[in-house]
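Examination of the molecular architecture
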Amino acid sequence: MVLAGKRILLIISGGIAAYKSLDLIRRLRERGASVRPIMTSGAQQFITPLAVGALAADHVFTDLFSRQDEQDVGHIRLARDCDLVLIAPATADLLAKMANGLADDLASTVLLATDRPVLAAPAMNPKMWAHPATKRNIETLRGDGIRFVGPMSGEMAESKEAGTGRMAEPLEIVAAAEMRLDDGARPLAGRKAVVTSGPTHEPIDPVRYIANRSSGRQGHAIASALAALGADVTLVSGPVSIPDPMGVHVVHVERAEEMRDAVLCALPADIAVMVAAVADWRVASAADQKIKKHPGESIPTLALTENPDILKTVGHHTQRPKLVIGFAAETQDVEANAKAKLERKGADMIVANDVSPATGIMGGTRNSVKIIRHDAVEQWPDLEKDEVAARLANLIAEQFKPE
Ligand code: C5P
């Protein structure tokens, strides 16, 4: 019953999908929400304010300079006196205005003035949706914290053209509105995170490889914890024997170079947590065939070459996530080494742990970490890896709190 008693400001812009907004109003009101509609002049070409007002049982606001509306409500109050601003349909034009901060009618002015959560249900021709300008605008709006439902793929209402651009169905929009209103418990909703986990396997030949003892437990737990707070998580995992976490998009890789490619593919992202124990070196030229043991012949030597440093690449990337976190598995001088790593890798935070064999951390279920930032060091107690993950996810969420 998330919607019960909630005040939805529904902005209807001009597209054929506006006919579905009439049903949307009913569905929202059935669930106990009140709906205050704003229509653009384009919207009024498709459906009438009379129909919208009758279904919403409220005045329909259409004019930025209406003397009566400005006296009664005023566009600033309109923008604030609601729990959610819902735009359905959201046209390419309105999204472009929003992305650029234009305010030349009531809908765009309210959208610039609001401090409430905003959910948009785009609807447009597939070519318009696929246009680089629209893509740019959507990316900008996502960065501004605007959330989206749809568009869906399928046949367009106005033509036989198929593709992505159809507005989500009213019930899908209702579900997304419920989720958006529930975001208090999901502080990372709408944020993208990429997490690496596990070891890498660097082939020597088709049957042998260089590896390490990482189990993937800590990285997987972090991916889960971020998803639980609502983040859209891509987990790039090296070979591990633990299951994929639920609710997370998992990309399985073996080698460091594959891991780097998968991580870069997941950009842009808001958060990067590089937990994987990436092998520092790989065999310079792995053999295509199994290297044979011939009695009496000399023992082969392996020439190694450096692997890409994924954390460093991400930390210095043009699409660097807002928050870049690395791990430091050290056996000595944990803090000093982690501080140096913070600088070298372009990270905002290093989670440092002592993996000397006596601690049993590598491959174990518990972890004792120090959180090292540019301006602070914090020692956490000995915790289960799940608990370390939950705490870290909360720490990350704090960085994304709206001001
Ligand atoms: O330099 P070092 O291996 O100690 O750094 C550890 C941190 O850097 C971890 O966050 C690890 O995931 C990341 N790393 C990486 N790519 C490498 C080596 C380490 O992303 N090739």
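Residues numbered from 1 in each chain as written. Predicted model: local features only at pLDDT ≥ 70, side-chain atom pairs only at ≥ 80, totals over all residues. Heavy atoms only, no water.

Take the domain arrangement of the chain next. A common measure of how large an interface is: the accessible area buried when the components associate. When the domains of the chain are assigned, the result is domain 1 (7-183) and domain 2 (187-399). The straight-line distance from the C-alpha centre of domain 1 to that of domain 2 is 41 Å. Residue-level contacts link 4 residues of domain 1 with 5 residues of domain 2. Across the interface of domain 1 and domain 2, roughly 320 Å² is buried in total on both sides, 49% from carbon and sulfur atoms. The largest per-residue losses of area from domain 1 upon contact with domain 2 belong to E139, R147 and D183, which jointly make up 73% of the total buried on that side. At the boundary of domain 1 and domain 2, one finds 0 salt bridges. Where domain 1 touches domain 2, the interface holds 0 residue pairs in polar contact (both at pLDDT 80 or more). (Domains from an automatic or database assignment. Contact = heavy atoms within 4.5 Å. Buried area = accessible area lost by both parts, 1.4 Å probe. Salt bridge = Lys/Arg side-chain N within 4 Å of Asp/Glu carboxyl O. Polar contact = N/O pair within 3.5 Å; in protein donor to acceptor, adjacent residues only side chain to side chain.)

What follows covers the site of the ligand. Surrounding the ligand, one finds 13 residues, the nearest of these being M274, A276, L311, F327 and K341. Measuring from a nitrogen atom of the ligand, one finds a backbone N or O atom of P308 at 2.8 Å. In isolation the ligand has 440 Å² of accessible area, and contact with the protein removes 86% of it. When contributions to the shell around the ligand are tallied by element, the ones reaching two or more residues are α13 (310-315), β16 (323-330) and α14 (334-345). Across the shell around the ligand, the residue classes tally to 8 nonpolar, 1 polar and 4 charged. (Near = heavy atom within 4 Å. Areas by Shrake-Rupley, 256 points an atom, 1.4 Å probe, with all protein chains shown as cover. Helix = DSSP H or I, 4+ residues; strand = E, 2+ residues; numbered from the N terminus. Nonpolar A, V, L, I, M, F, W, Y, C, P; charged D, E, K, R; others polar.)

With that settled, the discussion passes to the side chain of T200. Within the secondary structure layout, T200 lies in the loop between β8 (192-197) and β9 (202-203). A distance of 2.9 Å separates a polar atom in the side chain of T200 from a polar atom in the side chain of E202. Setting aside residues up to four positions removed in sequence, T200 forms contacts with I210, A211, N212, P239, E254, R255, A256, M259, A277, V278 and A279.

This brings us to the UniProt feature "binding site: CTP" (unreviewed entry) in the chain. Here, the residues flagged by UniProt with the feature "binding site: CTP" (unreviewed entry) are D280, K290, P308, D309, I310, L311, F327, K341 and K345. A stretch of 66 residues holds the annotated residues, and the largest C-alpha distance among them is 37.4 Å, long enough that they do not meet in one place. Within the secondary structure, D280 is located in the loop between β13 (271-274) and β14 (281-283). What D280 contacts, discounting residues up to four positions off in sequence, is T305, E306 and N307. You can see K290 is positioned in the loop between β14 and β15 (304-306). The class of K290 is partly exposed, set by a relative accessible area of 47%. Among residues more than four places away in sequence, those in contact with K290 are D205, P206, V207 and R208. (UniProt positions renumbered as here; feature names shortened; annotations may be inferred. Buried < 20%, exposed > 50% of the residue type's maximum accessible area, 1.4 Å probe, protein only.)

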